[in-house]
Amino acid sequence: AGGWVGTAAFSSLFPPRGRKRLSTTPSARADTWAHPLYRASVDRKDAAGFAAVFAEDGTLRFGNEEPLHGRPAIEAAIAHFFQAMVSLRHEFTAISSDGDTLFLEAVVTYHRHDGGVVTVPAMTVFEMNEDFLVRSCRIYVDLAPLFAAS
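As a convention, each chain's residues are numbered from 1 in the sequence order in which they are written. This being a predicted model, a pLDDT of at least 70 is required before a residue's local features are given, and a value of 80 or more before pairs of side-chain atoms are given or counted; all residues contribute to the totals for chains, interfaces and linings. No hydrogens and no water enter the side-chain calculation; it runs on all heavy atoms of the structure.

A. Representation of the overall build of the protein chain in the model. For helices the rule is a DSSP run of H or I covering at least 4 residues; for strands it is a run of E covering at least 2, with both sets numbered from the N terminus onward. Of regular secondary structure, the protein chain possesses 5 helices and 6 strands. From first element to last, N terminus to C terminus, the protein chain shows the α and β order α-α-α-β-β-α-β-β-β-β-α. When each of the 150 residues of the protein chain is scored for burial, the buried share is 44%. Considering only contacts within the protein chain whose residues lie at least 6 apart along the sequence, 50% involve residues at least 24 apart. The accessible surface values rely on the Shrake-Rupley method and a 1.4 Å probe; as for residues, cover is taken only from the protein chains in view. Taken as a whole, the protein chain presents about 7,800 Å² of accessible surface, with 54% of it coming from carbon and sulfur. Exposure categories follow from relative accessible area, calculated using a 1.4 Å probe and restricted to protein chains: below 20% of the type maximum is buried, above 50% is exposed, and the middle band is partly exposed. Contacts were defined at the residue level, with two residues in contact if any of their heavy atoms lie within 4.5 Å.

B. Here's a closer look at the sheet that holds strand E4 (residues 101-111). Strand pairing is assigned whenever DSSP identifies at least 2 bridges connecting the two strands. Sheet architecture is open: 6 strands sit in the order E2-E1-E6-E5-E4-E3, paired in mixed fashion. In the strand order of this sheet, the two ends are held by strand E2 (68-69) and strand E3 (87-98), each with one partner. Sheet analysis places E4 next to strand E5 (residues 117-128), joined by 11 bridges and oriented antiparallel. Its bridge partner lying in E5, glutamate 105 is registered against methionine 123. Across the sheet, helix H4 (residues 71-82) is in contact with strand E1 (54-62), E2, E3 and E4; its angle to E1 comes to roughly 40 degrees. For helices, the fitted axis covers only the stretch in contact; all axes are lines through C-alpha atoms, and the angles between them, taken along N-to-C directions, range from 0 to 180 degrees.

C. Here's a closer look at the environment of leucine 104. Note on placement: leucine 104 falls in strand E4. Along the sequence, leucine 104 and threonine 93 sit 11 residues apart, while their C-alpha atoms lie 7.9 Å from each other. Here leucine 104 is in contact with Ala34, Tyr38, Phe92, Ala94, Ile95, Ala122, Met123, Thr124 and Phe126, once residues within four sequence places are set aside.

D. Structural view of the nonpolar core. To qualify as a nonpolar core, a set must consist of buried Ala, Val, Leu, Ile, Met, Phe, Trp, Tyr and Cys residues joined through side-chain atoms within 4.5 Å. Residues Trp33, Phe50, Tyr110 and Phe126 are the most contacted members of the largest nonpolar core, which totals 37 residues. Elements supplying a minimum of two residues to this core: helix H2 (26-40), helix H3 (47-51), E1, H4, E3, E4, E5 and strand E6 (134-141).

E. Structural context of the packing of aromatic side chains. Two aromatic rings from Phe, Tyr or Trp, using only the six-membered ring of Trp, form a pair when their centres are within 6.5 Å; if the ring planes differ by under 30 degrees the pair is stacked, by over 60 it is edge-to-face, and anything between is tilted. For the structure shown, the criterion picks out 6 aromatic pairs. When the centroid spacing of 5.2 Å and the interplanar angle of 70 degrees are considered together, the rings of phenylalanine 50 and phenylalanine 54 count as edge-to-face. On the accessibility criterion, phenylalanine 50 (3% relative accessible area) is buried. Phenylalanine 54 gets classed as buried once you look at its relative accessible area, which sits at 0%. Aromatic side chains phenylalanine 81 and tyrosine 110 sit 6.3 Å apart centroid to centroid with 85 degrees between the ring planes, which places their arrangement in the edge-to-face category. Placement of the pair is phenylalanine 81 in helix H4 and tyrosine 110 in strand E4, with a sequence separation of 29 residues. Relative accessible area serves as the criterion here: at 13%, phenylalanine 81 is assigned to the buried category. Chaining the aromatic ring pairs together yields one cluster made of Phe62, Phe81, Phe82 and Tyr110.

Worth remembering: the numbers are spatial, not functional.
Below, the structure written as structure tokens:
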């Protein structure tokens, strides 16, 4: 049961063009949207909660994998990915936005099934649509250490 950070939260932070935006900086608005999404969904391995912030026809490109199209495909792929680790935790090092595009830089710590712990840098770019849902998400991270033999 995720997705509570979807449309309602984002729409108050990034209203449609022509409407008044909050009087906070773009980085503060991005931070207000990103932290709840990652705390409530991503770092809890809630694939449905993560997918819920996408538009029905949204796309996700994870590293050099082929893009995924639509919420069901995104949810299924992320659920499968989450099975590869015991847990994960994002620590944001930089969050900013430009228009309807959010940039999230983080250090991600993965706890592997073999007891190993792997920490890698990551960058995620979210492009939002006019309904304040994710139109496109691109995640840049080297996952080789996560899947390397221990």
